[in-house]
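# Structural characterization, general
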Amino acid sequence: MPAAMAAAQRPGRKTASRCTPETDRCTHTFEIAGYSLLKGFEASEFIQSTVFAVGGHDWCIRYFPNGADWEECDCEGYTSIFLKLMRLSKLVFSMDATDYNDADSSWGTGMFKKRSELEGPPYVQDDRLVIECDVTVITGMPVSEKTEGICEIQVPPSDLSVSFGKLLDEAKDADVKFKVKGEVFHAHKVVLAIRSPVFQAEFYGPLGDNNKRCIRIRDMQPAVFKALLGFIYTDSLPAMDDLTREESEDMVKHLLVAADRYVIERMKLICESMLCKRLNVQNVAATLALADQHNATKLKDACIAFINSSNRAVDVVASQGYAHLKRACPAIIVETWEKSTKLCKN
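Reading the Sequence similarities (unreviewed entry) entry of the UniProt record for the protein chain gives the comment "Belongs to the Tdpoz family." Within the UniProt record for the protein chain, the comment given under Pathway (unreviewed entry) is "Protein modification; protein ubiquitination."

Here it is, written out as structure tokens:
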């Protein structure tokens, strides 16, 4: 049929529709320090990332340094990597949709990359390998034909943190102010008390003073206290993109101290996690001293494990932070040595 005739026979009226599934997306970064220690792993032995949440479900990355031991796949000479689903869901990987059940709860590849290629630049640097995994979870689909014309009502995401952030910024109905080295911050006692048992006791406890209107904060920088208030109201830390790596690390350490001071456990754990990812030979001793002084048990264990994970002890002892560690926390030296001895025996 000639093109002109075909165009003439097409209907003049057009309609259109669009399908846009609701999704939750996340990139999880899994950093493997001391990569050379994995060379002794057997086939099918793996290391696992921490569990992270996407789309209301829990996930983790499993990395097999010497390949997964599968009958249907010869993985010899290769590394393997899989995304592990902790419970039932529906996923989209690129353009492929896969339904998972209890018997099939992971996705990945047994022949991810040859070890000989992976273990050199640019992948492994400073004995570290960083794996980034993009996960997309379908959380909702458009109304199907079975709804018989009933329109779908879109529910916006929660803006609770945004609303509380505005409450803090605008200081409307604030009933307490804090003076921090010349700067003044306004806040609401009831919000502070709900989020921090220290503020709860200070304002509403048996020895508290609900009539207190002004509080002077000592031994804390204004930027740190502002970030503390921000977390209390929004449950998130401020972006630190404008800071250098050293400035950012220093800020996180101050925030950990503030979180410990006001018993805000989630903020404290976030800081511990951030510092754990930045451990190196030069800062591990100082970080260990900080963790020991402020009851950051997970960070403390991570520091000790980092020191004992390979032949780093000599370099750590030579670092500037080690002298401070010996002086401020002598008991932790003994604890580190004892754990190192147990590892050697095993």
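The grouping of Asp241, Asp242, Glu246, Glu247 and Asp250 at the surface amounts to a negative patch. Owing to a relative accessible area of 68%, Asp242 belongs among the exposed residues under this scheme.

As enumerated under the stated definition, the model contains nine aromatic pairs in all. Taken together, a centroid distance of 5.7 Å and an interplanar angle of 85° make the contact between Phe64 and Phe82 edge-to-face. Taken as a pair, Phe64 in strand E4 (residues 57-64) and Phe82 in strand E5 (residues 78-85) lie far apart in primary sequence, 18 residues in all. Residue Phe64 is classed as buried on the basis of its relative accessible area, which comes to 11%. In this structure an aromatic cluster arises from ring pairing among Phe178, Phe185, Phe199, Phe203, Tyr204, Phe225 and Tyr262.

Before going further, it helps to spend a moment on a nonpolar patch on the surface. Judged by side-chain polarity, Val190, Ile194 and Tyr204 come together as a nonpolar surface patch covering roughly 310 Å² of accessible area. Under the relative-accessibility criterion, Tyr204 is labelled partly exposed at 36%.

We now examine the nonpolar core. Phe178, Leu192, Ile217, Phe225, Leu228, Ile232 and Leu255 are the most contacted members of the largest nonpolar core, which has 51 residues in total. With eight residues, helix H6 (residues 222-234) is the single largest residue contributor to this core. Not counting residues within four places of it along the chain, the set of residues in contact with Leu192 comprises Val176, Phe178, Ala187, Phe199, Phe203, Leu229, Ile232 and Tyr233. Core analysis: the next-biggest nonpolar cluster, separate from the first, contains 20 residues, Ile47, Ile81, Leu83 and Leu129 among them.

Thresholds, definitions, all that
Residues numbered from 1 in each chain as written. Predicted model: local features only at pLDDT ≥ 70, side-chain atom pairs only at ≥ 80, totals over all residues. Heavy atoms only, no water. UniProt positions renumbered as here; feature names shortened; annotations may be inferred. Patch = residues over 30% accessible without salt bridge, like charges linked within 9 Å, V, L, I, M, F, W, Y side chains within 5 Å. Areas by Shrake-Rupley, 256 points an atom, 1.4 Å probe, with all protein chains shown as cover. Salt bridge = Lys/Arg side-chain N within 4 Å of Asp/Glu carboxyl O. Lys, Arg positive; Asp, Glu negative; His and termini not counted. Charge placed at Lys NZ, Arg CZ, Asp CG, Glu CD. Buried < 20%, exposed > 50% of the residue type's maximum accessible area, 1.4 Å probe, protein only. Phe/Tyr/Trp six-rings, centres within 6.5 Å; stacked < 30°, edge-to-face > 60°. Helix = DSSP H or I, 4+ residues; strand = E, 2+ residues; numbered from the N terminus. Core = buried A, V, L, I, M, F, W, Y, C linked by side-chain atoms within 4.5 Å. Contact = heavy atoms within 4.5 Å.

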